[in-house]
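The chain contents come next:
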Amino acid sequence: MSDASLLLRAWAAIVVVSALAVIGEVLIAAGMRQLGDLDDIRAESGLGGAIRAVLTNVTFLAGALCMALNFFGMLFALSIAQLSLAGPAIGALTYIGNAFAAKLYLHENVDKRRWLATLFVAIGVVLLSR
Amino acid sequence: MTHRLKPSQYAILLAIILTAPIGDSLLKRGMAQVGQVDFQHLGLLWHALFNPYVDVGIVLLIGFFASYTTALSWADLSFVAPATASSYIVIALLGRIWMHEHLSLSRWLGIAMIMCAVGFVAGGPSRTEHPELDSMDAGAAR
């Protein structure tokens, strides 16, 4: 397989793994928003009630499934891409993807301050891995 | 409502920042003792469960997931993700102090950028003001 083809496969894996992380985190965040403040639930129904509420939320479970797929996808990505490329690329893409998805699907107010923070974290993650 | 955090909520964010990197470091140290796992030596995964570093690492990572999930129940994803990015700084410093790894100039720059990012989000509200979403919270809390 040519170098260009290997690099293309590596980037395809990186994008898929990052997308799974973003979808998983957005679904988990949406599920937790549906449930409301866990401290309030725990105060009313105890720790068992809070755990039951989380584990019976379908949106949360779908998010957890995506995170599990993300874990195995990460193992696959690391088998075809170098850690020094896959690690920071997936970290940075996940932070930026989370900000876009939070705005589009969770309707969060991603203001200038949060965009800047997301960009700084993404660049910081890349610098840390060098 | 400005959605400012309570001290217990800051403690949850701190737990996220600390549990993930310390848990990862313990798993790394434990797996270094256990040995390299491949398809021919899958049984080593069973042995790994009896390594104290691996056990404490797993407990800390479960604590991380519980803390992260809790934080998302009262804060926005676009707040929690950058606010807890300090875990990257903790793992770099753990590498320097515990594993005696060298921190290059670019790593120090990365640490500085992440610290700036955390400062940006920490100064703002943790949750979007949204009447429809707030009514969902109220409904869930009933």
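About the cut-offs
Residues numbered from 1 in each chain as written. Chains lettered and ligands numbered in written order. Predicted model: local features only at pLDDT ≥ 70, side-chain atom pairs only at ≥ 80, totals over all residues. Helix = DSSP H or I, 4+ residues; strand = E, 2+ residues; numbered from the N terminus. Buried ≥ 20, exposed ≤ 12 C-beta atoms within 10 Å, placed from the backbone. Contact = placed C-beta atoms within 7 Å. Expected span 1.5 Å × (residues − 1). Bend = angle between axes of the 7 residues up to and from the residue. Nonpolar A, V, L, I, M, F, W, Y, C, P; charged D, E, K, R; others polar. Axes fitted to C-alpha atoms, helices over the stretch in contact; angles between N-to-C directions. Parallel < 35°, antiparallel > 145°, perpendicular 65-115°, else oblique. Left-handed = near helix turned anticlockwise from the far one by under 90°. Core = buried A, V, L, I, M, F, W, Y, C linked by C-beta atoms within 7 Å.

Caption draft 1: Spatial organisation of the overall build of chain B. Across its full length, chain B holds seven helices and zero strands. Reading chain B from its N end, one meets helices and strands in the order α-α-α-α-α-α-α. Within chain B, the fraction of its 142 residues that count as buried is 35%. Sequence-distant contacts in chain B: of pairs separated by 6 or more residues, those separated by 24 or more amount to 77%.

Caption draft 2: Local environment of the overall build of chain A. Scanning chain A from N- to C-terminus turns up five helices and zero strands. Ordered by position in the sequence, the α and β elements of chain A form the string α-α-α-α-α. Viewed in the frame of its principal axes, chain A has a C-alpha envelope of about 60 × 35 × 25 Å. Here chain A holds 130 residues, and the buried ones make up 44% of them.

Caption draft 3: Here's a closer look at the environment of Ile-80 of chain A. Among the secondary structure elements, Ile-80 of chain A is positioned in helix 3 (residues 58-80). Non-local contacts of Ile-80 of chain A, meaning those with residues more than four positions away in its chain, are made with Arg-9, Ala-10 and Ala-13 of chain A.

Caption draft 4: Highlighting helix 2 (residues 38-55) of chain A. With 18 residues, helix 2 of chain A extends just 12 Å between its outermost C-alpha atoms, more than 12% less than the 26 Å of an ideal straight helix rising 1.5 Å per residue. The largest bend along helix 2 of chain A reaches roughly 125 degrees and is located at Ser-45 of chain A. Turning to helix 2 of chain A, its buried residues number three or more, namely Leu-38, Ile-41, Ala-50, Ala-53 and Val-54 of chain A. In the core, the buried residues of helix 2 of chain A are packed alongside helix 1 (3-35) and helix 3 of chain A together with helix 3 (52-74) of chain B.

Caption draft 5: How the structure looks around the interface of chain A and chain B. Each partner contributes to the interface: chain A provides 35 residues, whereas chain B provides 34 residues. Elements that contribute at least two residues to the side of chain A that touches chain B include exactly helix 1, helix 2, helix 4 (83-104) and helix 5 (112-128) of chain A. At 12 residues, the largest contribution of residues to the side of chain A that touches chain B is made by helix 5 of chain A. Considering only residue class, the side of chain A that touches chain B consists of 20 nonpolar, seven polar and eight charged.

Caption draft 6: Just the packing of helix 5 (residues 86-97) of chain B against helix 6 (residues 105-122) of chain B, in detail. Residues and elements named next belong to chain B. Between helix 5 and helix 6, whose axes approach to 9 Å, the crossing angle comes to 150 degrees. Between helix 5 and helix 6, the angle falls in the class roughly antiparallel. Considering the relative orientation of helix 5 and helix 6, their crossing is left-handed. Contacts from Ser-86, Tyr-88, Ile-89 and Ala-92 of helix 5 reach helix 6 at Arg-107, Ile-111, Ile-114, Met-115 and Val-118.

Caption draft 7: Summary view of unusual backbone geometry. With a phi angle near 55 degrees, His-107 of chain A is a residue other than glycine that sits in the positive phi range. Looking at the element boundaries, His-107 of chain A is found in the loop between helix 4 and helix 5.

Caption draft 8: How the structure looks around the nonpolar core. Core analysis: the largest hydrophobic core is formed by 70 residues, its most contacted members being Val-121 of chain A together with Ala-71, Leu-72, Ile-114 and Ala-117 of chain B. In terms of residue count, helix 1 of chain A provides more of this core than any other element does, 13 residues in total. Non-local contacts of Ala-71 of chain B, meaning those with residues more than four positions away in its chain, are made with Ile-12, Leu-13, Ile-16 and Val-80 of chain B.

Caption draft 9: Layout of the packing of helix 1 (residues 7-34) of chain B against helix 3 of chain B. Residue and element names in this part refer to chain B. One can describe the packing of helix 1 onto helix 3 by two numbers: an axis separation of 7 Å at closest approach and a directional angle of 155 degrees. Looking at the two axes, helix 1 sits roughly antiparallel to helix 3. Crossing of helix 1 against helix 3: the hand is left-handed. In terms of residue class, the contact of helix 1 with helix 3 is built from 18 nonpolar, nine polar and one charged.

Caption draft 10: Main features of helix 1 of chain A. For helix 1 of chain A, which comprises 33 residues, the first-to-last C-alpha distance of 48 Å matches the rise-based estimate of 48 Å (1.5 Å per residue) to within 8%. After helix 1 of chain A finishes, the residue Gly-36 of chain A shows a positive phi value of roughly 90 degrees.

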